[in-house]
Amino acid sequence: MKSTLLALVTLALGAATASPLAERAATSHSWAGTSNYFLQGMSDADQDAYLRQLSQAGVKVIRVWVNAQAGGRACAKGSISATYAPEFETTLGQYNWQTVDLLDKTLVAIGKYGMKALISPHDGNLLHGPNGNDAYGSKFGSGYFYEHQDAFDTFDNRLRAIVNYKGKYSNKVWKDWHEVIMAFDLQNEPFASKTEECNYSTAQSWACGRANTLRSALGASNPIKIATGGLGGDISHGCTFLASAMSCDQIDMVSVHRYAGPESSNPKQWTNSYGGWMGQTKGKLVYVEEWGINTTRYNIQDEFRANTQDMNAGGLPWLYWQILPEKKCDYKDGDPFGFHVNTVDVASAVKGASSANSKQDWSGIVW
């Protein structure tokens, strides 16, 4: 979500190179976490309090964005945005380094609490999408971005700039910081602004092409993984298991975005789906990168417990959209899926994930 502010870098497919994905027969424990696209804009003290709560609950992974931050004490989903940052590119090819400096500071804090970060380098919903229109959307729109070589080249340069960035606060080159950075998405929800794009022949090579760019920049033996980022947004759009992406050796992880109904209406909806998802990915790791409960329609405490018990019973790793910091300001943004960390029993669900056996091996990635 951050794909649909209400439902709210690219790996392109190309020639096969070396990041072989052998069938993963080994298994490990599962894991759980949350997304948070405004975390780096919060004050240092508010970030620390929130990350401490997540760590104490047993959270392993936080998904963050290379994106703008409102600053000016604006209210972001109940949190005060203390520090402004522009989009990484307000002019294509010219990078606003203060944007990644701010995120770098947050990555240091995430690492301090023993958690890992999954980084989305761009939001596909900013291509004339539900989250607005950025410099890429203005120039290429939601179609040409996934079809034209000049768009590919411009975005590839962005990906290289991000992974080769040396942190102002960490003093780490991000591509060398596998102790904290678990993976890079190709993009948040590629094709989501125009889902029919994922079926066009001109767009079929986009995911693997961007993945090849990332893997080349990261290095063939780099333990940092490459994830799809939720192709097409919600799984109901039919893009999640795009054949050309599943055949791409450079893609390591397949991100499922699924906003399902109540568990009582569809018992074992997650465990019954997991095996089928694995069967479509040709040995790639599968995890739920976004899922959420409509808090205006269902009891969040009951449904969060029931859904996570289902996922944990099957050993399916998950990131919720979103476990929010404690509320400090009032907001209405049309996104009913988040809940504040102190309002739901997060620890039982997260620790249930960490004690469950996954059907795949996350050793050296999360564990």
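In case you missed it, the structure is sitting above this.
Now for a quick tour of the structure. Position numbers for residues count from 1 along each chain, tracking the sequence in the order it is written. It should be noted that, the model being predicted, local features are given only for residues of pLDDT at least 70 and side-chain atom pairs only at 80 or more, the latter also being counted only at that level, while totals for whole chains, interfaces and linings use all residues. No hydrogens and no water enter the side-chain calculation; it runs on all heavy atoms of the structure.

Some thoughts on the side chain of Lys-284
Here's step 1: By definition, any uninterrupted DSSP run of H or I lasting at least four residues is a helix, any uninterrupted run of E lasting at least two residues is a strand, and each is numbered from the N terminus. Relative to the elements of secondary structure, Lys-284 occurs in the loop between α7 (271–279) and β9 (285–290).
Here's step 2: Burial here depends on accessible area, computed with a 1.4 Å probe over protein chains only, as a share of the maximum for the residue type. Under 20% is buried, over 50% is exposed, and the range in between is partly exposed. Positive charges come from Lys and Arg, negative ones from Asp and Glu, while His and the chain ends are left out of the count. Take a side-chain nitrogen of Lys or Arg and a carboxyl oxygen of Asp or Glu: if they are within 4 Å of each other, that pair is a salt bridge. It turns out Lys-284 is buried and unbridged, and the closest side chain with the opposite charge, Asp-249, is 5.4 Å from it.
Here's step 3: A distance of 3.5 Å separates a polar side-chain atom of Lys-284 from the backbone oxygen of Met-246. Any pair of nitrogen or oxygen atoms within 3.5 Å is treated as a polar contact; in protein, a donor-acceptor pairing is required on top of that, and neighbouring residues in sequence qualify only through side-chain atoms on both sides.

Some details on helix α5 (residues 206–218)
Residues lying three or four places apart along an α-helix face the same way, a consequence of the helix completing one turn every 3.6 residues.
Here's step 1: Along its 13 residues, α5 runs 18 Å from first to last C-alpha, staying within 8% of the 18 Å computed at 1.5 Å per residue.
Here's step 2: Among the residues of α5, Trp-206, Ala-207, Cys-208, Gly-209, Arg-210, Ala-211, Asn-212, Thr-213, Leu-214, Arg-215, Ala-217 and Leu-218 are the ones counted as buried.
Here's step 3: Note on definitions: a residue-residue contact is assigned when non-hydrogen atoms from the two residues lie within 4.5 Å. The inward-facing, buried residues of α5 contact α4 (149–163), β6 (181–185), β7 (225–227) and α6 (243–246). To estimate the expected span of a helix, subtract one from its residue number and multiply by 1.5 Å.

Topic: the packing of aromatic side chains
Here's step 1: Two rings belonging to Phe, Tyr or Trp (six-membered ring only in the last case) form a pair when the distance between their centres is within 6.5 Å. Interplanar angles under 30 degrees mark stacking, angles over 60 mark edge-to-face geometry, and anything in between is tilted. Evaluation of the coordinates by the stated rule reveals 31 aromatic pairs.
Here's step 2: The interplanar angle of 65 degrees and the centroid separation of 5.6 Å between the aromatic rings of Tyr-95 and Trp-97 together place this pair among those described as edge-to-face.
Here's step 3: Both rings, one in Phe-304 and one in Tyr-320, keep their centres 5.5 Å apart while their planes meet at 90 degrees; by these two values the pair is edge-to-face. With Phe-304 in helix α8 (residues 300–314) and Tyr-320 in strand β10 (residues 318–320), the pair connects residues that are 16 residues apart, well separated along the chain.
Here's step 4: The class for Phe-304 is buried, based on a relative accessible area of 1%.
Here's step 5: Take Tyr-320: its relative accessible area is 0%, and that puts it in the buried class.
Here's step 6: Geometry around Phe-152 places Arg-210 over its ring, the cationic atom sitting 4.7 Å from the centre.
Here's step 7: Its guanidinium or amino end placed over the ring of Trp-270, Arg-258 lies 4.6 Å from that ring's centre, counting from NZ or CZ. Only lysine NZ and arginine CZ atoms are considered, and such an atom sits over a ring when it is within 6 Å of the ring centre and within 35 degrees of the ring normal.

Thoughts on the pairing of β6
Here's step 1: Of all 5 residues in β6, 5 are buried, a share of seventy percent or more.
Here's step 2: Any two strands are treated as partners once DSSP identifies two or more bridges connecting them. Bridge count for strand β5 (residues 116–120) against β6 is 3 bridges, and the pairing is parallel. Following the sheet pairing, Leu-118 is matched in β6 by Ala-183.
Here's step 3: Where β6 meets β7, 3 bridges bridge the pair, whose relative direction is parallel. For Ala-183, the partnering residue across the bridge sits in β7 and is Lys-225.
Here's step 4: The crossover handedness rule: strands pointing away from the viewer, path from first strand over the helix to second strand clockwise, crossover right-handed. With respect to chirality, the unit in which β6 leads through α5 into the neighbouring parallel β7 is right-handed.

With respect to helix α2 (residues 97–112)
Here's step 1: Along its 16 residues, α2 runs 23 Å from first to last C-alpha, staying within 8% of the 22 Å computed at 1.5 Å per residue.
Here's step 2: Taken residue by residue, α2 has Thr-99, Val-100, Asp-101, Leu-102, Leu-103, Asp-104, Thr-106, Leu-107, Ala-109 and Ile-110 as its buried positions.
Here's step 3: Residues of α2 that are buried make contact with α1 (44–57), β2 (61–65), β5 and β6.
Here's step 4: The first or second residue beyond α2 is Gly-114, which carries a positive phi of 75 degrees.

Some details on the packing of α8 against helix α9 (residues 346–355)
When two helices pack together, their arrangement is captured by the angle between the axes and the distance separating the axes.
Here's step 1: Simply put, an axis is a line fit to the C-alpha atoms, just over the touching stretch for a helix, and the angle between two N-to-C directions goes from 0 to 180 degrees. Two elements in contact, α8 and α9, have axes separated by 9 Å at closest approach and are oriented at 10 degrees. On the basis of their axis angle, the class for α8 and α9 is roughly parallel. For the pair α8 and α9, the contacting residues are Phe-304, Thr-308 and Asn-312 in the first and Val-346, Ala-349, Gly-352 and Ala-353 in the second. Note on angle classes: values under 35 degrees are labelled roughly parallel, values over 145 roughly antiparallel, values of 65 to 115 roughly perpendicular, and the remainder oblique.

Describing the nonpolar core
Here's step 1: Take the buried Ala, Val, Leu, Ile, Met, Phe, Trp, Tyr and Cys residues and link them wherever side-chain atoms come within 4.5 Å; each set so joined is a nonpolar core. Counting 93 residues, the largest nonpolar core has Leu-51, Leu-107, Trp-174, Phe-184, Phe-304 and Trp-318 as its most contacted members.
Here's step 2: For Phe-184, the residues in contact, after removing those within four places along its chain, are Ile-119, Ile-162, Val-163, Trp-174, Leu-214, Leu-218, Ile-224, Lys-225, Ile-226 and Ala-227.
Here's step 3: In terms of nonpolar packing, the next biggest core, distinct from the first, is built from 13 residues, Val-61, Leu-118, Met-253 and Trp-362 among them.

Some remarks on the environment of Thr-195
Here's step 1: Looking at the element boundaries, Thr-195 is found in the loop between β6 and α5.
Here's step 2: Setting aside residues no more than four positions away along its own chain, Thr-195 makes contact with Gly-232, His-237 and Cys-239.

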